[in-house]
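Coordinate inspection notes
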Amino acid sequence: MRSHSIRQGKKAEDDSLKLSPTSRTRSQPFFMHPAIFVSASVLLGTLFALQEWITVHLWSYHIGLRILFAAWWVQYFLWGVLCWLLWRWCGPWIQRANAFCIFTQVLPLSIVTSVVEEMIWVACFPQLPLNRPHMTFWHRLAFHLDAEFIDNLVVFWCAVALFRGIGYYQKFREKEAAAAQLSVQLAQAQIAALRMQLNPHFLFNTMNSISSLMRTDIAAADTMLEQLGSLLRITLERGEVQFIRLNDEMEFVEMYLAMQERRFTGRVQQQLWVHPELHDALVPAMILQPLIENAYTHGLSRLDSNGLLHIEATREDSRLTLSVLNNGAGLNSSPPKVSDGQGVGLANIKSRLQLHYGDQHTFSIREVATDQVEVTITFPLQFSASPAETLTRFGA
């Protein structure tokens, strides 16, 4: 751009300012900091100066290295300052400007800015153009504008394009962030709805169990009511908490198993085992109770004796595995909706696991032996920040 002045009117091609708008969402991009932006502009001027220096030597011109680099440095320093001030004062307005404003306001501003930049530059270098008779300021300004005016407009509109690109990118990221936040809120609402669905399901089934004991064992029914009250208290105290320690989940399971033991006295052997390192692992609240309830309802309730319920929590590398095994009935003898995993409890668990872990979980129901069914779920292993003070009576 300065080659016309330095080489007595011979003009070199000018490249536009191109900065990649890798910005920060909802904040000023780091490269729009004045020090970074102006420094990058001066660096670009240095590259043009080197290109000019190589060209004049190839053409056998003899121009001082100092005046050559100074001309380019000052020019792009001025453009860096002017463009940053344009961003500082008019950035949001330029980003919002429609076609009418661009033609009626931004276009005249580009002409004025180009002329002002050239005036400042001409005042800084009264010795240019070289090898010319003495010229007044206005003659030198007209001379340089004739050669540089279009190039100045290119630089200005490249800056405008950069500002509008930053605006489009920030809007895109804001919409993306808003969509992600809405997705999280929707998932939380769905999980809360599933929890609300699960609690009444558990309550109604337990009340039916108590009702069935009222005519045969009033004392057992009364004990179950007390245990149900304790379970409801725990559920209410947890509130809307979605993840709890495995130790707390097992405490809830122990109370539920005590109720079932009261109902199926002597008919079911209950076994619980938890890996010693997993007491502080985080699990979705009430993840095991529906599985145990399903085992009693569709398997163990069909036995008069020798029932087996085995609950186990193990780890496989960075994954937690929970399994519930029971005898009493195979999958082929179960109702279709249970074998397909579409009971209220099982469907609820599958939906919650999908919302919590996405594709990082597994859920399987399989017949491991004659009249023995095992439900297994796995998901990523995470630990609570606050370790348990007391442990339930299971595991090693």
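Predicted model, so just to flag it, every value in this text is computed and none were measured.

Cut-offs applied
Residues numbered from 1 in each chain as written. Predicted model: local features only at pLDDT ≥ 70, side-chain atom pairs only at ≥ 80, totals over all residues. Heavy atoms only, no water. Helix = DSSP H or I, 4+ residues; strand = E, 2+ residues; numbered from the N terminus. Buried < 20%, exposed > 50% of the residue type's maximum accessible area, 1.4 Å probe, protein only. Contact = heavy atoms within 4.5 Å. Areas by Shrake-Rupley, 256 points an atom, 1.4 Å probe, with all protein chains shown as cover. Pairing = 2+ DSSP bridges. Axes fitted to C-alpha atoms, helices over the stretch in contact; angles between N-to-C directions. Expected span 1.5 Å × (residues − 1). Phe/Tyr/Trp six-rings, centres within 6.5 Å; stacked < 30°, edge-to-face > 60°.

Turning next to the overall build of the protein chain. Secondary structure assignment for the protein chain yields 10 helices and 7 strands. Buried residues in the protein chain amount to 45% of all 396 residues. Of the contacts formed within the protein chain by residues at least 6 apart in sequence, a portion of 75% connects residues at least 24 apart. When the accessible surface of the protein chain is summed, it comes to about 20500 Å², and 59% of that surface belongs to carbon and sulfur atoms.

Let us look at the sheet that holds strand β5 (residues 319-327). The 5 strands lie next to each other as β2-β4-β5-β7-β6, forming an open sheet whose pairing is mixed. The open sheet is flanked by β2 (268-274) and β6 (362-369), the only strands paired with a single partner. Strand after strand, the sheet turns through a mean of 15° between neighbouring axes, direction not considered. Where β5 and strand β7 (residues 372-380) come together, 9 bridges link them in antiparallel fashion. Paired with R319 across the strands is P380, a residue of β7. On top of the sheet, helix α7 (residues 246-263) reaches β2, β4 (307-316) and β5; it is set at about 175° to β2, its chief contact. Seen against the sheet, helix α8 (residues 289-298) touches β2, β4, β5, β6 and β7 and runs at an angle of roughly 155° to β4.

With respect to the helices and strands, N247 occurs in helix α7. Relative accessible area serves as the criterion here: at 3%, N247 is assigned to the buried category.

What follows is about helix α2 (residues 34-58). Here α2 contains 25 residues, and its C-alpha end-to-end distance of 36 Å stays within 8% of the 36 Å for a straight helix at 1.5 Å per residue. For α2, the set of buried residues is F37, V38, S41, L44, G45, T46, F48, A49, E52 and V56.

Two measures describe an aromatic ring pair: the distance that separates the ring centres and the angle between the ring planes. According to the stated counting rule, one finds 12 aromatic pairs in the structure shown. Ring geometry for F69 and W73: centres 5.5 Å apart, planes at 55°, overall tilted. Remark: W73 and F69 occur in helix α3 (residues 65-96); sequence separation between them is 4 residues, near one turn of the helix. The class for W73 is partly exposed, based on a relative accessible area of 37%. Aromatic side chains W72 and Y76 sit 6.2 Å apart centroid to centroid with 20° between the ring planes, which places their arrangement in the stacked category.

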